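Topology and contacts: notes
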Amino acid sequence: GDDQAAIEVGVNQFITELEELQNVQVGTLTFGDNDVNNLNTLDDPANVSVSLEPGDFDGNTPLPAAIDIADQVVRDSGSGARAGAQKTVVVFTDGGPNYENENYSVGGFEAPRGADDPGFSDDDATDSHDSGTADGDVDVDEMGETALVAETVRDGTTQIATIFIGADDETGAMTEGAEGEYGDLPSYLADEIASPASSFTVDFGDLADLAAQLEDAITVGEEVFFLGTLAEAMGSLESGSGIPLDGDLSTAFNELE
C-alpha cells in the first residue's frame, strides 16, 4: 500500500545518497513476518536497493535477530567489511520487538550467536532467543532482551541509528508493563537501542527527506584510526609522544605504530 511505497522510496533514497559518498559500503536486510531475509552484503554490486513485499509487514518483528545479524555482516571480511572502518547499523521500524524464541538465519549468519559470544540473548547457553512471546504484544521481556543485544553491539563499537516511522508518542502493541518500563516506542529506541544522538522519528511521507540528516548522523568524514575503550586510548595518548596525526588522508600512515 501507500505506507509500503513510502518506506521503499525513503530507504532507497537514503541508500543512493550514501553510495555517492566516498569510502562508504552499504548492505541491507529486511525483518518482519517472524523472519530475517533479503540480505545484500557489503560486497554486492552497486545500486543495492530494498524491495518490500506485503508479507514483510505481517506477523512478528524479530528486532534482536536483525540487529545481531546486521552487526555480523558489517564486521565480516567475507561480506566486504573493511578493517578499521566505522561500523554502523541503521534500523528502520514501525513497531517494537515481538518474535519467536528460535534461531534466525540468513546468508550463512545466525542469531543469536550463543554461548561463545555472550550478550546476544537472555540465556547464552541456548541457541535461540529466550524472551519472545510472538503473541502480537510487545512486552517488557522482549524489549529487555532486544536492549541487551543492542548494548552488546554498541559495546563492540558498532554504531546503531534508529528511524521510527510513525507518531512521536507511539506505543503500538506495547503491554501495560512495557509502557511502564520504557514509555513509548520512540523513547525506547532512543534510550535503549540507538547510539547517542542517533535516533529519529518521522512520518511515512517525510522518510525520503531524512536522508541528508541521517548521513550527517551516521557517517564519518574522517579517518577512523582507533576504536577501543577510554583506558586503551589513554594508554596510547600517554605513551611516548602521544598519537601523531596524518594531515593527508590520501597517504598510507598508521597513527598507532
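Residues numbered from 1 in each chain as written. Predicted model: local features only at pLDDT ≥ 70, side-chain atom pairs only at ≥ 80, totals over all residues. Heavy atoms only, no water.

Topic: the overall build of the protein chain
We count it as follows: The numbering of helices and of strands both runs from the N terminus, where a helix is a DSSP run of H or I of at least 4 residues and a strand a run of E of at least 2. The cut-offs for exposure are 20% and 50% of the maximum accessible area for each residue type, with area from a 1.4 Å probe on protein chains only; residues under the lower value are buried, those over the upper are exposed, and the others partly exposed. Only heavy atoms enter the contact rule, under which two residues are in contact if any of them lie within 4.5 Å. To measure how exposed things are, a 1.4 Å probe is used in the Shrake-Rupley method; for residues, cover is taken only from the protein chains shown.
If you tally the helices and strands in the protein chain, you get seven helices and seven strands. When the helices and strands of the protein chain are listed from N to C terminus, the series reads α-β-β-α-β-β-β-α-β-α-α-β-α-α. For the protein chain, the residues scored as buried account for 44% of the 257 residues in total. Summarising the internal contacts of the protein chain: among those between residues at least 6 apart in sequence, 70% fall at separations of at least 24. Roughly 12,600 Å² of accessible area belongs to the protein chain as shown, and the carbon and sulfur atoms make up 44% of that amount.

Points about the confidence of the model for the protein chain
Heads up, the condition is: Summary of the metric used: pLDDT quantifies the predictor's per-residue confidence within the range 0 to 100.
Of all residues in the protein chain, 80% attain a pLDDT of 70 or more, and the chain-wide mean is 83. Element-level pLDDT for the protein chain is lowest in helix α6 (residues 211-218), with a mean of 67, against a maximum mean of 97 in helix α3 (residues 140-155).

Side note on the packing of α3 against helix α5 (residues 185-193)
Cut-off, in case you're wondering: Lines are fitted to the C-alpha atoms to define the axes, a helix being fitted only along its stretch in contact, and any angle between axes, read from their N-to-C directions, falls within 0 to 180 degrees. Classes in brief: Ala, Val, Leu, Ile, Met, Phe, Trp, Tyr, Cys and Pro nonpolar; Asp, Glu, Lys and Arg charged; the others, Gly included, polar.
Here α3 crosses α5 at 40°, and the two axes come no closer than 9 Å. Each of M143, T146, A147, A150 and R154 in α3 lies in contact with α5, whose residues at this interface are L185, Y188, E192 and I193. Of the residues contributing to the contact of α3 with α5, the split by class is six nonpolar, one polar and two charged.

Regarding the pattern of salt bridges
Between side chains of opposite charge, a pair can form when the charged atoms approach closely. Inclusion rule: In what follows, salt bridge is the name for a side-chain nitrogen of Lys or Arg lying within 4 Å of a carboxyl oxygen of Asp or Glu.
One pass over the structure, following the stated rule, counts three salt bridges. Here R113 ties to D68 by a salt bridge, and the two come within 2.5 Å at their closest N and O atoms. Here R113, found in the loop between β5 (109-111) and α3, pairs with D68, found in helix α2 (residues 63-75); they are 45 residues apart in sequence, far enough to count as distant. Residue classification places R113 among the partly exposed positions, given a relative accessible area of 25%. Here D68 falls in the buried class, since its relative accessible area comes to 1%. Linked by salt bridges that have partners in common, D68, D71, R75 and R113 make up one network.

Considerations on α5
Think of an α-helix as 3.6 residues a turn; residues three or four steps apart then line up on the same face. Note the cut-off: Of all possible arcs, the one meant is that of the directions from the helix axis to the C-beta atoms.
If you check which residues of α5 are buried, you get L185, P186, Y188, L189 and I193. The arc that holds every buried residue of α5, seen down its axis, measures 160°, which confines them to one face. Packed against the buried residues of α5 are α2, β3 (88-93), α3, β6 (159-165), α4 (176-182) and β7 (199-202).

Some remarks on the sheet that holds β7
Using the following cut-off: At least two DSSP bridges between two strands are needed for those strands to be called paired.
With respect to topology, three strands assemble into an open sheet ordered β3-β6-β7, the strand pairing being parallel. The open sheet has two edge strands, β3 and β7, and neither has a second partner. Averaged over all adjacent pairs, the angle separating strand axes in this sheet is 15°, with direction ignored. Running at roughly 180° to β6, α5 makes contact with β3, β6 and β7 of the sheet.

A short note on the packing of aromatic side chains
The line we're drawing: Only rings of Phe, Tyr and Trp enter the pairing, Trp through its six-membered ring, and a pair is recorded when the two centres are within 6.5 Å. The plane angle decides the type: under 30 degrees is stacked, over 60 is edge-to-face, the rest tilted.
If you walk through the whole model with that rule in mind, you get one aromatic pair. Ring centres 5.0 Å apart and planes at 70° place the aromatic pair Y182 and Y188 in the edge-to-face group.

A word on a nonpolar patch on the surface
Threshold: Note that patches include only residues with greater than 30% relative accessible area and no salt bridge, and the join distances are 9 Å for like charges and 5 Å for nonpolar side chains (Val, Leu, Ile, Met, Phe, Trp, Tyr).
Taken together, the side chains of L230, M234 and L237 make up a nonpolar region of the molecular surface, amounting to roughly 300 Å² of accessible area. Note on placement: M234 falls in helix α7 (residues 230-237). Taking the relative accessible area as the measure of exposure, M234 reaches 33% and is therefore partly exposed.

Quick word on the side chain of T158
The cut-off we apply is this: Polar contacts here mean pairs of N or O atoms no more than 3.5 Å apart (in protein, one a potential hydrogen donor and the other a potential acceptor; neighbouring residues in sequence count only if both atoms are side-chain atoms).
The topology assignment puts T158 in the loop between α3 and β6. For T158, a relative accessible area of 2% gives the class buried. In this structure the side chain of T158 is engaged in a polar contact, spanning 3.0 Å, whose partner is the side chain of R75. When residues no more than four places from it in sequence are discounted, the contact partners of T158 are D71, V74, R75, K87, T88, V89, V153 and S195.

Structural notes on the pairing of strand β1 (residues 28-32)
In terms of burial, β1 is a largely internal element, five of the five residues being buried. Residues of β1 alternate between two faces, with T28, T30 and G32 on one and L29 and F31 on the opposite face, all of them buried. Two elements, β1 and strand β2 (residues 35-40), share four bridges in a ladder whose sense is antiparallel. Among the inter-strand pairings, G32 is bridged to a residue of β2, identified as D35. Linking β1 back to β2 in an antiparallel pair, the connection comprises two residues, with D33 at a positive phi of about 55°.

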